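Working through the structure, step by step
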Amino acid sequence: MPPRTEADVPGLVERARAGEARAVARLISLVEDESPRLREVTAALAPHTGRAQVLGLTGAPGVGKSTTTNALVRELRSAGKRVGILAVDPSSPFSGGALLGDRIRMQDHAGDKDVYIRSMASRGHLGGLAWSTPQAVRVLDAAGCDVVVVETVGVGQSEVEVAGLADTTLVLLAPGMGDGIQAAKAGILEVGDVYVVNKADRDGADQVRRDLRSMVALADRPDDGWAPPIVKTVAQAGEGLTELVVEIERHHAWLRETGELQQRRTRRARAEVEAIALASMRRTWAGLGGRAGRAGLDELAAAVAAGETDPWAAADRLLQQAGASPQHA
């Protein structure tokens, strides 16, 4: 058999769609490494995407995200669904790679050919996700996963970015975490579609649920008609997971019936297109004259710092160098 190379993108996509885990892994690696073939990869995947249900799972460190993901996947598999898991781990300070803690905790599913587990390094990206997570979701979607679970890194108050990626966002809290509800005030009360009080066998679980219900009612949430349910679970023992899946499916049905699912996916695509366009503009600017281009920015920055020009005028000049027309607010 001839060696498989990254140049054979159509072949990789076809093998991934046939369920070959190595092909899925290779495609995600191309995405993570920003391969020169990335544009070709995304073009080949596009016709096969849009079918998977994307679940985002977030919460402060220590609430049991990985244990809940593990138990949730077991419940989804019992319903015959193929599942992909993207567990965004902290990055190694030496290699920049994922520390693989989440993958280790999910070894229950390691031998299941219908479960794909991938640890991704956050590489310092804020918001609890790796920058390449949306493209990795697209790979698993095209590979035939019915559900893709994205578990965030666990950075606490800033990990709300997952709401822009997922169809349904699960927010986990647990009793005895001290600042669990305080962390929720920072933003996750606005993004959760289903709230989970995990470790509900501990003292204080009912109080957390009552506090959470009151705070969600007062939160500045979209007036779209969806009232987020609060589910109590003991993921370690598999308790409450059936009810959690029921609420996830109820939310997905609501998304479809109201048209919100298509709106969310359109917003997601718009943000991705915008991000790609902005990144392309940055690369274009950075390539203008190499060091000379960077020196030009340094000169503009020095002029702004010295009060010789203002940042808007400097930005206009920078855009003109990149061949773009300045737009004023």
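What about the overall build of the protein chain?
Along its length, the protein chain carries 12 helices and 7 strands. Burial statistics for the protein chain: of 329 residues in total, 45% are counted as buried. The contacts of the protein chain with a sequence gap of at least 6 include a subset with a gap of at least 24, amounting to 72%. When the accessible surface of the protein chain is summed, it comes to about 16,400 Å², and 53% of that surface belongs to carbon and sulfur atoms.

Comments concerning the packing of helix H1 (residues 9-17) against helix H3 (residues 38-45)
Closest axis-to-axis distance for the H1/H3 pair is 10 Å, and the angle between their directions is 45 degrees. Here H1 is positioned oblique relative to H3, judged by the angle of their axes. In the crossing of H1 with H3, the sense of the turn from one axis to the other is right-handed. Taken together, the residues of H3 that come into contact with H1 (itself represented by Val9, Pro10 and Val13) are Glu40, Val41, Ala44 and Leu45. Of the residues assigned to the contact of H1 with H3, the class counts are 6 nonpolar, no polar and 1 charged.

Brief notes about the confidence of the model for the protein chain
For the protein chain, the mean per-residue pLDDT works out to 81, and 77% of the residues sit at or above 70. Of all secondary-structure elements in the protein chain, the lowest mean pLDDT belongs to helix H5 (residues 101-105), at 50, while helix H9 (residues 241-258) reaches the highest, 97. Within the model, pLDDT remains below 50 along residues 1-6, and this stretch shows 9 contacts once partners closer than five positions in the same chain are excluded. Within the model, pLDDT remains below 50 along residues 123-129, and this stretch shows 27 contacts once partners closer than five positions in the same chain are excluded.

Focus on helix H8 (residues 205-218)
Helical periodicity: at 3.6 residues per turn, an α-helix aligns residues three or four positions apart in one direction. With 14 residues, H8 extends 20 Å between its outermost C-alpha atoms, agreeing within 8% with the 20 Å of an ideal straight helix rising 1.5 Å per residue. Every buried residue of H8 is accounted for by Ala205, Val208, Leu212, Met215 and Val216. Angular distribution of buried residues about the axis of H8 spans 100 degrees; they occupy a single face of the element. Of the exposed residues in H8, those oriented more than 90 degrees away from the buried face are Ala217 and Leu218.

Focus: the environment of Thr69
Mapped onto the fold, Thr69 is located in helix H4 (residues 65-78). Each C-alpha atom, one on Thr69 and one on Ile85, is 8.4 Å from the other, the two residues being 16 residues apart in sequence.

Some words on the pattern of salt bridges
Between side chains of opposite charge, a pair can form when the charged atoms approach closely. For the coordinates displayed, the defined rule picks out 18 salt bridges. Between Arg15 and Asp8 there is a salt bridge, with the nearest N and O atoms lying 3.7 Å from each other. In this structure, Glu249 engages Lys81 in a salt bridge whose closest nitrogen and oxygen atoms are separated by 3.0 Å. Here Glu249, found in helix H9, pairs with Lys81, found in the loop between H4 and strand E2 (83-89); they are 168 residues apart in sequence, far enough to count as distant.

Concerning unusual backbone geometry
Although it is not a glycine, Glu34 sits at a positive phi angle of roughly 50 degrees. Within the element layout of this structure, Glu34 appears in the loop between helix H2 (21-32) and H3. A positive phi angle, near 55 degrees, is found at Lys199, a position not held by glycine. Mapped onto the elements, Lys199 comes out in the loop between strand E6 (194-197) and H8.

A word on the pairing of strand E4 (residues 147-151)
Counting buried positions along E4 yields 5 of 5 residues, so the element is predominantly enclosed. Going residue by residue along E4, you find Val147, Val149 and Glu151 tucked away on one face and Val148 and Val150 tucked away on the opposite face as well.

Describing the pairing of strand E1 (residues 53-59)
Most of E1 sits inside the fold, with 7 of its 7 residues counted as buried. Residues Gln53, Leu55, Leu57 and Gly59 line one face of E1 and the alternating positions Val54, Gly56 and Thr58 line the opposite face, and both faces are buried. Bridge count for E1 against E4 is 5 bridges, and the pairing is parallel. From the neighbouring strand, Leu57 faces E4, where its bridge partner is Glu151. Inspection of the sheet shows E1 paired to strand E5 (residues 168-173) by 5 bridges, in the parallel sense. In the sheet register, Leu57 faces E5, and the bridge partner there is Leu170.

Some remarks on the nonpolar core
Ranked by size, the top nonpolar core spans 30 residues in total, and within it Val24, Leu27, Ile28, Leu86, Leu140, Val148 and Val150 carry the most contacts. Secondary structure elements with two or more residues in this core: H1, H2, H3, strand E3 (115-121), helix H6 (133-142) and E4. For this core, the leading source of residues is H2, giving 6 residues. Ala71, Ile85, Ile117 and Leu244 belong to the second-largest nonpolar core, a separate cluster that totals 24 residues.

The rules we used
Residues numbered from 1 in each chain as written. Predicted model: local features only at pLDDT ≥ 70, side-chain atom pairs only at ≥ 80, totals over all residues. Heavy atoms only, no water. Helix = DSSP H or I, 4+ residues; strand = E, 2+ residues; numbered from the N terminus. Buried < 20%, exposed > 50% of the residue type's maximum accessible area, 1.4 Å probe, protein only. Contact = heavy atoms within 4.5 Å. Areas by Shrake-Rupley, 256 points an atom, 1.4 Å probe, with all protein chains shown as cover. Axes fitted to C-alpha atoms, helices over the stretch in contact; angles between N-to-C directions. Parallel < 35°, antiparallel > 145°, perpendicular 65-115°, else oblique. Left-handed = near helix turned anticlockwise from the far one by under 90°. Nonpolar A, V, L, I, M, F, W, Y, C, P; charged D, E, K, R; others polar. pLDDT = per-residue confidence, 0-100. Expected span 1.5 Å × (residues − 1). Arc of directions from axis to C-beta. Salt bridge = Lys/Arg side-chain N within 4 Å of Asp/Glu carboxyl O. Pairing = 2+ DSSP bridges. Core = buried A, V, L, I, M, F, W, Y, C linked by side-chain atoms within 4.5 Å.

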